[in-house]
Amino acid sequence: MRLLLVEDDTRVANFVHRGLVQEGFSVDVSVDGRDAFHLALHEPYDIIVLDVLIPLMDGFEVLGEIRKHGCQAPVLIISAKDGVADRVTG
């Protein structure tokens, strides 16, 4: 299974990347929203793990844009920010 991990904190990204690879996933890592947007549209991911607080485009912007451009990969949103559920559920 191919996965895109979008996380700008290198310690967190390295930790999650290691664990996912050990579980058999093929993992690409992106550290900002523009790169994540580009990868999501041009690579065949089975799932995207997307942090909300990332530079250049936040996670919600990335999600909206990839959906507008036809990417239907499932997205798991992660965040340490309070109040994220309000923005996701409307």
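In this report, we go over the structure that sits alongside the text. Note that the structure is predicted; figures quoted are calculated from it, not measured. (Residues numbered from 1 in each chain as written. Predicted model: local features only at pLDDT ≥ 70, side-chain atom pairs only at ≥ 80, totals over all residues. Heavy atoms only, no water.)

Glancing now at the overall build of the protein. Scanning the protein from terminus to terminus reveals four helices and four strands. Shown N-terminal to C-terminal, the secondary structure of the protein runs as helices and strands in the order β-α-β-α-β-α-β-α. Taking all 90 residues of the protein together, the buried fraction comes to 33%. Look at the contacts in the protein between residues 6 or more apart in sequence, and 62% of them connect residues 24 or more apart. Per element, the accessible surface of the protein, about 5,500 Å² overall, is 54% carbon and sulfur. (Helix = DSSP H or I, 4+ residues; strand = E, 2+ residues; numbered from the N terminus. Buried < 20%, exposed > 50% of the residue type's maximum accessible area, 1.4 Å probe, protein only. Contact = heavy atoms within 4.5 Å. Areas by Shrake-Rupley, 256 points an atom, 1.4 Å probe, with all protein chains shown as cover.)

Taken together, the buried positions of helix 3 (residues 59–68) are occupied by G59, F60, V62, L63 and I66. For helix 3, the arc enclosing every buried residue in end-on projection is 160 degrees, short of the 170-degree limit, so these residues lie on one face. Regarding helix 3, its N-cap is D58, as a side-chain oxygen of that residue lies 2.9 Å from the backbone nitrogen of F60 further along. A positive phi of about 95 degrees marks G70, the residue just after helix 3. (Arc of directions from axis to C-beta. Polar contact = N/O pair within 3.5 Å; in protein donor to acceptor, adjacent residues only side chain to side chain.)

This next bit is on the pairing of strand 4 (residues 75–78). Two elements, strand 3 (residues 47–51) and strand 4, share four bridges in a ladder whose sense is parallel. Counterpart to D51 in the pairing with strand 4 is I78. On the question of chirality, the crossover connecting strand 3 to the parallel strand 4 by way of helix 3 is right-handed. (Pairing = 2+ DSSP bridges. Right-handed = clockwise from strand over helix to strand, strands pointing away.)

Judged by nonpolar contacts, the single largest core of 15 residues is most densely connected at L4, V6, I48, L50, V62 and I66. Those elements that place two or more of their residues in this core are strand 1 (2–6), helix 2 (33–42), strand 3 and helix 3. Ignoring any residue separated from it by four or fewer positions in sequence, one finds V62 in contact with G33, A36, F37, L50, I54 and M57. (Core = buried A, V, L, I, M, F, W, Y, C linked by side-chain atoms within 4.5 Å.)

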